[in-house]
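Residue strings, one per chain:
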Amino acid sequence: MYEREINRYLDRMVDGHQLASKDEWKGFRCVLFDMDGVLYNSMPNHAVAWQQAMSANGLHFTAEDSYATEGMKGVDTIRIYAERQTGKKLTEAEAQAIYDEKARLFHQMPEAGIFDGVVDLMKQIREAGLTICVVTGSGQKPLIQRLVNDFGDFVDEQHIVSAYNVSHGKPAPDPYLKGLELAGNMKPWEGIVVENAPMGVRAGVAAQIFTIGVNSGPLPDEVLAGEGANVILPSIRRLADDWQQLMAYGSAKRG
């Protein structure tokens, strides 16, 4: 599966004149992880917090909406839904106030666990010599600090892209392009994006990076496929188990 999908991806890069030929490609050099729904099983908590905060401000927002918009900057999500439902264009400050309430509600909930397979996968990535970055739309500083606390052996603050680093969040390509920059000014074909959300997959594809969709939520696989994911897996554990198979073709040492 991985060899076939990597070949299809490289064919598109050659057709789009990003690569002169497949021979120019020397393998993947970095992995760019989304945070919520990829590293942490946090989306159920986010869904509840979003519903409560939006309802308190007269806005209808479902659990499915939280998954469909996950990865976007929170204030952008709020302003879009407010204008769609009420016709009112919220100011940045008004949207931020709602987002702050959503964050307060989220942090009252039990801490979300790390998904099975994440640490194992990061160890394998490090051993393969690839750089790890985290690319999140979150603007919640406690969550960003938790990344450093939990994964400090693999990623530091200089390799985390958050809402503070970009003007345009997912689904724009900007967060993942910033991730490539932080990883060492790498080219799109040198990276792998690992995403769980439609907006995040769209961002990875827009950045022209090989994008793996890990479907940890309630949306059907077809939603991630429709956004252009190169590969769709049922869990991060599956990606950890498949890592050596992926690297058999995706590394400079292949055949």
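What this report covers is the structure whose coordinates are included nearby. Predicted, not measured: the structure shown is a model, and the values here were computed from it. For every chain, the first residue of the written sequence is number 1, and numbering continues from 1 onward in sequence order. Only residues with pLDDT of at least 70 get local features here, since the model is predicted, and only at 80 or more are side-chain atom pairs given and counted; chain-wide, interface and lining totals rely on the full set of residues. Only hydrogens and water are removed before side-chain values are computed, so all heavy atoms of the structure are retained for them.

## Regarding the overall build of the chain
Okay, step 1: The numbering of helices and of strands both runs from the N terminus, where a helix is a DSSP run of H or I of at least 4 residues and a strand a run of E of at least 2. A tally of helices and strands in the chain yields eleven helices and six strands.
Okay, step 2: Here the chain has a C-alpha radius of gyration of 18 Å; the compact-globule value for 255 residues is 18 Å, and the two agree.
Okay, step 3: Its C-alpha atoms give the chain principal-axis dimensions of about 60 × 35 × 30 Å.
Okay, step 4: For the chain, the residues scored as buried account for 53% of the 255 residues in total.
Okay, step 5: Should any heavy atoms of two residues lie within 4.5 Å, those residues are counted as being in contact. Long-range contacts, defined as pairs at least 24 residues apart, comprise 68% of the intrachain contacts of the chain with a sequence gap of at least 6.
Okay, step 6: Note that accessible areas follow from Shrake-Rupley with a 1.4 Å probe, and for residues the cover is restricted to the protein chains shown. When the accessible surface of the chain is summed, it comes to about 11300 Å², and 47% of that surface belongs to carbon and sulfur atoms.
Okay, step 7: As used throughout, the charge tally considers Lys and Arg to be positive and Asp and Glu to be negative, leaving His and the chain termini uncounted. Where a charge lies is defined by one atom per residue type: Lys uses NZ, Arg uses CZ, Asp uses CG and Glu uses CD. Put simply, the chain has 25 plus and 34 minus side-chain charges, and the middle of one group is 3 Å from the middle of the other. In this setup the radius of gyration rests on C-alpha atoms only. A globule is expected at 2.2 Å times the number of residues raised to 0.38. Any residue under 20% of the maximum accessible area for its type is buried, any over 50% is exposed, and the rest in between are partly exposed; the area is computed with a 1.4 Å probe on protein chains only.

## Points about the nonpolar core
For soluble globular proteins, the rule of thumb is that nonpolar side chains tend to be buried together.
Okay, step 1: The term nonpolar core refers to a set of buried residues drawn from Ala, Val, Leu, Ile, Met, Phe, Trp, Tyr and Cys, joined through side-chain atoms within 4.5 Å. By size, the foremost hydrophobic cluster in this structure holds 48 residues, and its most contacted members are Phe33 and Leu39.
Okay, step 2: With seven residues, the top contributor of residues to this core is helix H11 (residues 236–250).
Okay, step 3: In contact with Phe33, other than residues within four places in its own chain, are Val38, Leu39, Leu121, Met122, Ile125, Ile132, Cys133, Val134, Val135, Tyr176, Val194 and Ile236.
Okay, step 4: By size, the runner-up hydrophobic cluster in this structure holds 14 residues, among which are Cys30, Ala183, Ala203 and Ile209.

## Digging into the pattern of salt bridges
Close approach of charged atoms lets side chains of opposite charge pair.
Okay, step 1: Here, a salt bridge means any side-chain nitrogen of Lys or Arg that lies within 4 Å of a carboxyl oxygen of Asp or Glu. Going through the model one piece at a time under the given rule, you end up with 17 salt bridges.
Okay, step 2: Asp241 serves as the salt-bridge partner of Arg237, at 3.0 Å between the closest nitrogen and oxygen. Here Arg237 and its partner Asp241 are both found in helix H11, four residues apart, which amounts to about one turn of the helix.
Okay, step 3: Sharing partners across several salt bridges, the network here consists of Asp116, Asp120, Arg237 and Asp241.

## What to know about the environment of Phe106
Okay, step 1: Here Phe106 shows up in helix H5 (residues 92–107).
Okay, step 2: On the accessibility criterion, Phe106 (7% relative accessible area) is buried.
Okay, step 3: Separated by 57 residues in sequence, Phe106 and Ala49 have C-alpha atoms that sit 5.3 Å apart.
Okay, step 4: Ignoring sequence-local partners within four residues, the contact set of Phe106 consists of Ser42, Asn45, His46, Ala49, Gln140 and Leu143.

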